[in-house]
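# Structural features, examined
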Amino acid sequence: MSDVLRGLPAVHRLLEHESLAPYEHLVGRDALRTAIAQELDRVRAAPPMPPLGLLVARISERLDRAVAENLHAVINATGTLLHTNLGRAPLAASALAAAGEAGAGYSNIEYDLIAGERGSRYRRLNAVLREVTGAEDSLVVNNCAAAVLLMLDTLARGAEVIVARSQLIEIGGGFRLPDVLARSGATLVEVGATNKVYVADYAAALSRRTALLMRSHPSNYRIEGFVAEVDAGELVELGTRAGVPVVEDLGSGAVVDLREYGLPHERTVQEALHDGVALAAFSGDKLLGGPQAGIIVGNGAYIARLRGNPLLRALRVDKVTIALLSATLKLYRTKESREQIPLYAMLGASLESLRERAAAYLREAANATIVESTAYLGGGTLPGSGMPSIAVSLRTPYPEELHARLRDRPIPIVARIEENRVLLDLRTIAVQQDGAVLKALASLSE
Ligand SMILES: *Cc1c(COP(=O)(O)O)cnc(C)c1O
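Reading the values: rules and limits
- The residue count restarts for each chain, going from 1 along the sequence in the order it is written.
- Given that the model is predicted, a residue must reach a pLDDT of at least 70 before its local features are reported, and side-chain atom pairs must reach 80 or more before they are shown or counted; all residues, however, enter totals for whole chains, interfaces and linings.
- Here the side-chain values reflect all heavy atoms present in the structure, with hydrogen atoms and water set aside.
- When we say a residue is near a molecule or strand, we mean one of its heavy atoms is within 4 Å of it.
- Any pair of N or O atoms that falls within 3.5 Å is considered a polar contact. Within protein, one atom must be able to donate a hydrogen and the other to accept it, and sequence-neighbouring residues count only if both atoms are side-chain atoms.
- Computed with the Shrake-Rupley method and a 1.4 Å probe, the accessible areas treat only the protein chains shown as cover for residues.
- Helix numbers and strand numbers start at the N terminus; a helix is a DSSP run of H or I with at least 4 residues, a strand a run of E with at least 2.
- For this classification, the nonpolar set comprises Ala, Val, Leu, Ile, Met, Phe, Trp, Tyr, Cys and Pro, the charged set comprises Asp, Glu, Lys and Arg, and every other residue, Gly included, is treated as polar.
- Each residue is placed in one exposure class: buried if its accessible area under a 1.4 Å probe, protein chains only, is under 20% of its type's maximum, exposed if it is over 50%, and partly exposed if it falls in between.
- The positive count covers Lys and Arg only, the negative count covers Asp and Glu only, and His and the chain ends enter neither.
- A pairing counts as a salt bridge when a side-chain nitrogen of Lys or Arg comes within 4 Å of a carboxyl oxygen of Asp or Glu.

Moving on: the site of the ligand. Taken together, 13 residues lie near the ligand, and Cys144, Ser219, Asp249, Ser283 and Lys286 sit nearest. Contact distances for the ligand include 3.0 Å between an oxygen atom and a side-chain N or O atom of Arg88. In this structure, Ala145 approaches the ligand through a main-chain N or O atom, which is 2.9 Å from an oxygen atom. Protein chains shield 93% of the accessible area of the ligand, which is 390 Å² for the free molecule. Elements with a contribution of two residues or more to the shell around the ligand: α8 (144-156) and β10 (246-251). Across the shell around the ligand, the residue classes tally to five nonpolar, five polar and three charged.

Written as structure tokens, this is what we have:
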């Protein structure tokens, strides 16, 4: 045996080393053993044996890279509230508690305790959805894309759906309305020009094969200038005369008036129902601030047809989603409880409160200043309209490098770079995370 190999610590000793053993629960025994073995192989191939401390540090480095690949919490300092890459809407504490209860044990999800027999998994959720939106009936599926698919498959398979050209959306993650239409077996009939559509265009396209008139929310783009739209009320009027229902893909699904938060008005679910659309679909994890889900509300007879579609079995939500969504919806009962939904807490935070927290950050950070910033809703909602916010600006000749260091923290911080400055936007940083941000800032000046 060469001297190199004699100096080499045994794998089992390294597995138990105080700096390495804690990785076992982070990456698993196999990955820990592999990282150790790989580093030892490297030493065997290229002696001499480094001091034990250095060897351990190199193994830790390999493991840190593996840990970074795990799913874990990050601090969103980007100022984008519904950041799709960071998991869209954070969930309310009461929703998480309800999910914990529903998930940890058995529940009466599909069991009627009074009758002692099978019940409906949607019944309770339906009650609170009707209460919040005023809808006659509702149905919940896996996401809004699934909701649109289910509506089209149920109501328009083998028939025609009329959609304005300006509303043939593609949103992130490969959801393209024309493709979903094709997949559902419906035929798309496009009307209007890219920028203008009139009721007469829809009327001219009606035929005996028309099953639906459809509106879709242009969530992530805006057509400006020489434009004409047909509002839902007009479309419903046409549909009623022709005996064709109107369905609407609302996308973000506001159930409160966002002007309350200084934002532009976003058409609400209630307004769509008031306009008389037969069905409206929206996401659970955009402006509702709940879990990923697709919610369909509207006319009871159409919802009943959706319920009868065998496809629903493949699109339905589980008990944890039902618990999360029900608890989130209940928070809409009053304005105070609504601000327990993290999205609305963030929207409602005053600039003074953000400035105060920013001032506390400054005590830990060298070369930092407080700046005015613009936060965005994101997630394909209200494109282009920002809201005032406050950020801590870290000036550095190497912003990418500094950002990488922030992402390398035990709770990684994802920030925004603007003109050679790294900005930490206070609006999306939860108050409970301030401590972790302060530690990160202190570590930067070490
Ligand atoms: C976001 C969005 C969808 C997709 O919603 P998911 O819940 O992510 O599936 C569909 N339609 C519109 C108009 C949207 O904005």
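Still more to cover.
Note the cis peptide between Pro47 and Pro48, where omega equals 10 degrees. Within the secondary structure layout, Pro48 lies in the loop between α4 (29-45) and α5 (52-69). Positioned with a positive phi, Arg88 is a non-glycine residue whose angle comes to about 50 degrees. Note on placement: Arg88 falls in the loop between β1 (75-76) and α6 (93-104). Unlike most non-glycine residues, Asn420 shows phi in positive territory, near 60 degrees. With respect to the helices and strands, the residue Asn420 is situated in the loop between β16 (416-418) and β17 (421-425).

As for its position among the elements, Arg427 is in the loop between β17 and α20 (434-444). Comment: no salt bridge for buried Arg427; closest opposite-charge side chain is Asp425, at 5.6 Å. Side-chain polar atoms of Arg427 contact the backbone oxygen of Pro388, separated by 2.8 Å.

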